[in-house]
Protein chains: 2
Amino acid sequence: MAVATNVYDDIEGSWVSSRDEVKILDCTIRDGGLINDHQFDDKFVRGVWQACTLAGVDFMEIGYKASKKIFGASHGPWKYCDEDDIRRALGDDPQGPLISVMADADRTDYHTDILPRDKSVIGCVRVACYIHQIPAAIDLVKDAHDKGYRTCLNLMAVSTVQDRELRDGLELMAQSPAEAVYVVDSFGSFFPLKVRELTALYRAILEPTGKEVGIHAHNNQQLAYANTIEAVIGGANWIDATINGIGRGAGNCPLEQLIGFLKNPKFKMRPVLECVEELFVPLRSQLDWGYSIPYMITGQLNQHPRAAIAVRESDQPDNYVKFYDEMIEKE
Amino acid sequence: MAVATNVYDDIEGSWVSSRDEVKILDCTIRDGGLINDHQFDDKFVRGVWQACTLAGVDFMEIGYKASKKIFGASHGPWKYCDEDDIRRALGDDPQGPLISVMADADRTDYHTDILPRDKSVIGCVRVACYIHQIPAAIDLVKDAHDKGYRTCLNLMAVSTVQDRELRDGLELMAQSPAEAVYVVDSFGSFFPLKVRELTALYRAILEPTGKEVGIHAHNNQQLAYANTIEAVIGGANWIDATINGIGRGAGNCPLEQLIGFLKNPKFKMRPVLECVEELFVPLRSQLDWGYSIPYMITGQLNQHPRAAIAVRESDQPDNYVKFYDEMIEKE
């Protein structure tokens, strides 16, 4: 009998091959910094850098370029990524992944805090914004691009943006100098098929102006890896991951899993596993990250994880029923 | 500009609607029994039963019908599911989910151990087999069906079966009296798109003889939930899950997550969360289950998780590099 088994023949991509255009951006120190106020010590940062270098990772995002006027100067160094701090941790001429920083639209003094490229060890500026901040974000991208940096754009919380506004926003971003625009699942609320659909939409609008699409996933519903590989198969080429899945709340797509999936021989899993064993297993007793039921609940409700983070940090982290009742009540 | 966003318009299913044909089979006690030698005490079994009842679960699988001739009689009660043990735990006329047992082909004395339906509190017999055991499994299904039970078939380790053999096997099973045949990802090695493809293949061969398709996923790559919802969207109607994802090795699709996804108002998440809080949070200090890197490695290599289980039970559960080296060496 004739059987339609190849339902995906019409969909680009494969999970056996590799695709050389795929770039990995490790954001361990940047996203992980959200759970320890950006306080990783230099030894830890060097350990992650070393693992990323040996693993063949393309970009390593070391933190934020946050405004000291807005946030004060009391947070850890990776909130600001001052040039001196990066050089102290990684040296004056680090050979390995391109160093990336994240700059939030409206919260970065970029005219003063982002140096000309030839005065910095930073090589890439990723601009993060919400839908109402796209013009501000594009100004920031232009500034960084003109200073000589590689740039990309992360449109956050897209699960709360309606279709019409999203398309308009993507059309705007398509005119910016950014190399890539990310599908960002800030609340960990998307299913793989939705990510696939968004990847197709982003590609359709962005590729005509020569841009690529990226994916940044969160693990609230244990879908960070699933959503990431869906995006890869669907043609996304800038792929975010963190070692051991560290990151705010439920965390991110684990780098070690991603490398196993990608199969490109330029990426190596073993150095990442070494780093997990040496630096992350001990860290588990100090910091809480990864999937748990409160994150599942905020993810399913398409809400910011802050309520789940609060309960996980409280003295009743496993009071699931009380948390569920409160969240449903709020709906 | 015209943008093809609705790439899934041609694919059956939705993640906003519910589908009344979807049935949940809780296999907490059965699959969870693989990590404590089937020793759950009656209070625990009653707690799970109560949660399943209040949650609207359709079937509750309480254990195996294993041959005492082959396995001896020294394991816990849910290895055998003797009529007396079930009645002691749940009473003589339990009102709630239909009680299901799993019967392994070639390892069940079904002529003697499976009673006529009207003498048993069991209502459903699920027959598990490998590809070479299909004729034996069908004999078992026929016996149970003739005795009055609902029946289905779980073809295990399908990730090691080649296409031609799988199609032949499905054609055979399509002629059996089983109501459903499961896509079983025994090693946790499948990606969502592969599950979607298999679900389509199973449906194409099985639906013409009036059968439905089921999904039983494992969480080795943090894909149990992702794979389960892919199968649901793709038309699978018999859905396995366990409370808190308990199960051998990396465990299964969590029932609480599944109910959140299904959205059918007949299913309730809250009683499952109550049960997690009362029975499973304390259990975490005694038993190890859920995603960890050794399971990711066996899953990615499409291997039985036994080596990963051994390292997780050893005194070096987090020696990931050594485990990785050993597994790659074996390849």
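Residues numbered from 1 in each chain as written. Chains lettered and ligands numbered in written order. Predicted model: local features only at pLDDT ≥ 70, side-chain atom pairs only at ≥ 80, totals over all residues. Heavy atoms only, no water.

Considering the sheet that holds strand β8 (residues 238-241) of chain A
All names here are of chain A. In space, the eight strands of this closed barrel follow the order β1-β2-β3-β4-β5-β6-β7-β8, with parallel pairing throughout. Taken pair by pair, the neighbouring strands of this sheet meet at an average axis angle of 30°, ignoring direction. Sitting on the sheet, helix α8 (residues 192-206) touches β5 (150-155), β6 (180-184) and β7 (212-216), and the angle it makes with β6 is about 160°. (Pairing = 2+ DSSP bridges. Helix = DSSP H or I, 4+ residues; strand = E, 2+ residues; numbered from the N terminus. Axes fitted to C-alpha atoms, helices over the stretch in contact; angles between N-to-C directions. Contact = heavy atoms within 4.5 Å.)

Section: the relation of the copies chain A and chain B
By a simple turn and slide, chain A fits onto chain B: the slide is 0.0 Å along the axis, the RMSD is 0.0 Å, and the turn is 180°. Expressed as an axis order, the relation between the two copies is that of a two-fold axis. Interface overlap between copies is the fraction of interface residues in one copy that are interface residues in the other; for chain A against chain B it reaches 100%, indicating a shared surface. (Least-squares fit on C-alpha atoms with pLDDT ≥ 70 in both.)

With respect to the sheet that holds strand β4 (residues 122-129) of chain B
Residues and elements named next belong to chain B. Strand order in the closed barrel made by the eight strands is β1-β2-β3-β4-β5-β6-β7-β8, with parallel pairing throughout. Mean inter-strand twist for the sheet, computed between neighbouring axes without regard to direction, equals 30°. Across four bridges, the pairing between strand β1 (residues 23-26) and strand β8 (residues 238-241) is parallel. Directly across from K23, in β8, lies its bridge partner W238. Sitting on the sheet, helix α10 (residues 255-262) touches β1 and β8, and the angle it makes with β1 is about 175°.

Notes on the interface of chain A and chain B
At the interface, 57 residues of chain A touch 57 residues of chain B. Between chain A and chain B the total buried area reaches about 5000 Å² when both faces are included, carbon and sulfur atoms providing 65% of it. Between chain A and chain B we count two salt bridges in total. Across the pair R270(B) and D325(A) runs a salt bridge whose closest N-O atoms are separated by 2.7 Å. For the side of chain A that touches chain B, the secondary structure elements donating two or more residues are α7 (163-174), α8, α9 (224-233), α10 (255-262), α11 (270-283), α12 (293-300) and α14 (320-330) of chain A. With nine residues, α8(A) is the largest single contributor of residues to the side of chain A that touches chain B. (Buried area = accessible area lost by both parts, 1.4 Å probe. Salt bridge = Lys/Arg side-chain N within 4 Å of Asp/Glu carboxyl O.)

Concerning the domain arrangement of chain A
Residues and elements named next belong to chain A. You can read the domains of chain A as domain 1 (23-283) and domain 2 (293-330). Placing a centre on the C-alpha atoms of domain 1 and another on those of domain 2 gives a separation of 26 Å. In this assembly, ten residues from domain 1 lie in contact with ten residues from domain 2. For the domain 1 and domain 2 pair, buried surface summed over both sides reaches about 840 Å², with 57% attributable to carbon and sulfur atoms. Connecting domain 1 to domain 2 are zero salt bridges. Taken together, the connections running from domain 1 to domain 2 amount to three residue pairs in polar contact (both at pLDDT 80 or more). Of the residues contributing to the side of domain 1 that touches domain 2, the split by class is two nonpolar, seven polar and one charged. (Domains from an automatic or database assignment. Polar contact = N/O pair within 3.5 Å; in protein donor to acceptor, adjacent residues only side chain to side chain. Nonpolar A, V, L, I, M, F, W, Y, C, P; charged D, E, K, R; others polar.)

Details of unusual backbone geometry
If you check the backbone angles, A157(A) has positive phi at about 55° while not being a glycine. As for its position among the elements, A157(A) is in the loop between β5 and α7. Despite not being glycine, H38(B) has its phi angle at roughly 65°, a positive value. Along the chain, the position of H38(B) falls in the loop between α1 (28-32) and α2 (42-55).

Observations regarding the environment of N219(A)
Here N219(A) lies in the loop between β7 and α9. Beyond its immediate chain neighbours, meaning those up to four positions away, N219(A) contacts A224(A), A250(A), G251(A), N252(A), Y291(A) and Q222(B). A distance of 3.1 Å separates a polar side-chain atom of N219(A) from the backbone nitrogen of A224(A).

Some remarks on the side chain of D42(A)
Checked against the element boundaries, D42(A) lands in helix α2 (residues 42-55). When neighbours within four sequence positions are excluded, D42(A) is seen to be in contact with W78(A), R88(A) and A89(A).

Observations regarding the pairing of strand β6 (residues 180-184) of chain B
All names here are of chain B. With five of five residues buried, β6 is to be regarded as a mostly interior element. Across the two faces of β6 the burial is the same, with A180, Y182 and V184 and V181 and V183 all buried. Pairing between strand β5 (residues 150-155) and β6: four bridges, direction parallel. Looking at the pairing, L155 lines up with V183 of β6. For the crossover from β5 across helix α7 (residues 163-174) to β6, the handedness is right-handed. Of the pairings in the sheet, the one linking β6 to strand β7 (residues 212-216) comprises five bridges and is parallel in character. Residue pairing across strands places V181 opposite V213, the latter belonging to β7. (Buried < 20%, exposed > 50% of the residue type's maximum accessible area, 1.4 Å probe, protein only. Right-handed = clockwise from strand over helix to strand, strands pointing away.)

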